[in-house]
Amino acid sequence: MRFDIILRVATKFMLAPLLLFALYVQLHGDYGPGGGFQAGVIAAAAIILYGLIVGLAPVQKIVPMRLLEILIPGGVLIYMGVGIAGLLTGANFLDYNHLAHDAVHGQEWGVFLVEIGVFVTVFSTMVAIFYAFAGRRRS
Amino acid sequence: MIETAVTIVLLLLLGAVTIGIVRVRGLFAAVVLLGIYSFLMATLFIVLDAVDVAMTEAAVGAGVSTVFFLGALYLTDTVEAPSARGQFVPLLVALVTAGALVWGLSDLPAFGSPDQPIHRQGADYLARSVPETGIANVVSAVLASYRGFDTLGETTVVFTAGIGVLALLRRRRSEGGN
């Protein structure tokens, strides 16, 4: 597959729109279908597609395993952090009402940040599982 | 009318693919059929107006998990191992389970029935979510705002699954270099 010119060129054309679409699904999730989970999987699919075409070493230069090891718990920590920020501002855990000057804005901020947490964890977990499978040889 | 026709065609295709998955012995063909199954399910979810679920099914079921299955196939054999024992007990278990599921179906509410508690709650969310959260997509509002705890749990499940797979599959440093 690595030397198939059609796949290589098609992948090159698809990668940027895929990542852009992931961002769109992430940031537009408040208005249309989508959100952190879907966006995370789509972005991970873009990275995995690149990895399938060019091989493991080049893709790990872009998204190194060391970074994923930080991102996997990082997303959960972002989510928990938003919850704890709710506690610190005098509301319940994961209550976003006090995060901004009024309750509706606080909710918007809270949901936005929480979705980023979901995105980070889902994206990095998917890519890490792909690396784990692709990094092994037939025994 | 046309929606019913589309649904019936999709369900028939789903049935055909399911029989194919059960019958086929080559695991590579099974993986491809599973991808087709997920894609048909995604289309069915769109017909049912569940666009969020359709997106997830298309991305996870038809996309990423197919790659994972293929990766797993590369590491193992591509033909199912023949079963050494008789097939009577598995068949009996499957029949009893199917019977229980069909029996349970008889107690389900009519499709789309508005009297169910779940739909009454849903109407409440529809009225409340925009003034309270300012988020136009009710699915996002329910997932992240009203059921934030639930979604935190789901994120933790993804996290746990990830570190579990990594702990099992990753090459140890001591093996390193190969």
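The rules we used
Residues numbered from 1 in each chain as written. Chains lettered and ligands numbered in written order. Predicted model: local features only at pLDDT ≥ 70, side-chain atom pairs only at ≥ 80, totals over all residues. Heavy atoms only, no water. Patch = residues over 30% accessible without salt bridge, like charges linked within 9 Å, V, L, I, M, F, W, Y side chains within 5 Å. Areas by Shrake-Rupley, 256 points an atom, 1.4 Å probe, with all protein chains shown as cover. Salt bridge = Lys/Arg side-chain N within 4 Å of Asp/Glu carboxyl O. Helix = DSSP H or I, 4+ residues; strand = E, 2+ residues; numbered from the N terminus. Phe/Tyr/Trp six-rings, centres within 6.5 Å; stacked < 30°, edge-to-face > 60°. Buried < 20%, exposed > 50% of the residue type's maximum accessible area, 1.4 Å probe, protein only. Contact = heavy atoms within 4.5 Å. Buried area = accessible area lost by both parts, 1.4 Å probe. Polar contact = N/O pair within 3.5 Å; in protein donor to acceptor, adjacent residues only side chain to side chain. Nonpolar A, V, L, I, M, F, W, Y, C, P; charged D, E, K, R; others polar. Axes fitted to C-alpha atoms, helices over the stretch in contact; angles between N-to-C directions. Parallel < 35°, antiparallel > 145°, perpendicular 65-115°, else oblique. Left-handed = near helix turned anticlockwise from the far one by under 90°. Expected span 1.5 Å × (residues − 1). Bend = angle between axes of the 7 residues up to and from the residue. Domains from an automatic or database assignment. Core = buried A, V, L, I, M, F, W, Y, C linked by side-chain atoms within 4.5 Å.

**Here's the deal with a nonpolar patch on the surface**
All names here are of chain A. A cluster of nonpolar side chains, namely Leu 20, Leu 23, Leu 27, Trp 109, Phe 112 and Leu 113, defines an oily patch on the protein surface of about 580 Å² accessible area. Mapped by element, the contributors of at least two residues to the nonpolar patch are helix 1 (5-27) and helix 5 (103-134). Inspection of the secondary structure puts Trp 109 in helix 5.

**Examining the packing of aromatic side chains**
This structure, assessed with the given rule, holds six aromatic pairs over all chains. Taking 5.6 Å as the distance between ring centres and 75 degrees as the angle between the ring planes, the aromatic pair formed by Phe 93 of chain A and Phe 149 of chain B counts as edge-to-face. Residue Phe 93 of chain A is located in the loop between helix 4 (65-88) and helix 5, and its partner Phe 149 of chain B is located in helix 7 (residues 148-169); the two belong to separate chains. A relative accessible area of 57% places Phe 149 of chain B in the exposed class. Relative to Tyr 131 of chain A, the ring of Phe 130 of chain A has its centre 6.2 Å away and its plane inclined at 50 degrees; by these criteria the two rings are tilted. Comparing Phe 130 of chain A with Tyr 131 of chain A shows no difference in burial state: the two are buried.

**As for the interface of chain A and chain B**
Taken together, the 45 residues of chain A in the interface contact 40 residues of chain B. Summing the contributions of chain A and of chain B, the shared interface buries around 3,800 Å²; its carbon and sulfur component is 73%. Between the two partners, chain A and chain B, sit zero salt bridges. At the junction of chain A and chain B, the tally comes to six residue pairs in polar contact (both at pLDDT 80 or more). Looking at the side of chain A that touches chain B, the elements that each hand over two or more residues are helix 1, helix 2 (36-54), helix 4 and helix 5 of chain A. Per element, the largest residue contribution to the side of chain A that touches chain B is 16 residues, and it comes from helix 5 of chain A. Here the side of chain A that touches chain B is composed, by residue class, of 30 nonpolar, eight polar and seven charged.

**Digging into the environment of Trp 103 of chain B**
Residue and element names in this part refer to chain B. In this structure, Trp 103 sits in helix 4 (residues 88-105). For Trp 103, a relative accessible area of 69% gives the class exposed. Measuring from C-alpha to C-alpha, the distance between Trp 103 and Leu 48 comes to 24 Å, with 55 residues separating the pair along the chain.

**A look at the packing of helix 1 (residues 2-23) of chain B against helix 2 (residues 27-47) of chain B**
All names here are of chain B. With their axes 10 Å apart at the nearest point, helix 1 and helix 2 run at an angle of 160 degrees to one another. The angle between helix 1 and helix 2 places the two elements in the roughly antiparallel class. The handedness of the crossing between helix 1 and helix 2 is left-handed. Residue-level inspection shows Glu 3, Val 6, Thr 7, Leu 10, Leu 11, Leu 13, Leu 14, Val 17, Thr 18, Gly 20 and Ile 21 of helix 1 in contact with helix 2, the latter providing Leu 33, Leu 34, Ile 36, Tyr 37, Leu 40, Met 41, Thr 43, Leu 44 and Val 47. Tallied by class, the residues present in the contact of helix 1 with helix 2 amount to 15 nonpolar, four polar and one charged.

**Observations concerning helix 3 (residues 51-75) of chain B**
Between the first and last C-alpha of helix 3 of chain B there are 35 Å, a value that for 25 residues agrees with the 36 Å anticipated at 1.5 Å per step. Maximum bend of helix 3 of chain B: about 35 degrees, positioned at Ser 65 of chain B. Among all positions of helix 3 of chain B, only Asp 52, Ala 54, Met 55, Ala 59, Gly 61, Val 64, Thr 66, Phe 68, Gly 71, Leu 73 and Leu 75 of chain B are buried. Buried-residue contacts for helix 3 of chain B involve helix 1, helix 2 and helix 5 of chain A together with helix 2 and helix 6 (138-146) of chain B.

**Describing the domain arrangement of chain B**
A common way to express how large an interface is: the accessible area buried when the components associate. Domain assignment breaks chain B into domain 1 (1-77) and domain 2 (130-178). Just the C-alpha atoms count here: the centres of domain 1 of chain B and domain 2 of chain B sit 23 Å apart.

**Comments concerning the nonpolar core**
The biggest cluster of nonpolar side chains holds 46 residues, and the ones touching the most others in it are Ile 47, Leu 68, Met 126, Val 127 and Tyr 131 of chain A together with Phe 68 of chain B. At the level of secondary structure, the elements contributing two or more residues to this core comprise helix 1, helix 2, helix 4 and helix 5 of chain A together with helix 3, helix 6 and helix 7 of chain B. It is helix 5 of chain A that contributes the most residues to this core, 13 residues altogether. Residues contacting Ile 47 of chain A, with those up to four places away along its chain left out, are Val 59, Val 63, Phe 123, Val 127 and Tyr 131 of chain A.

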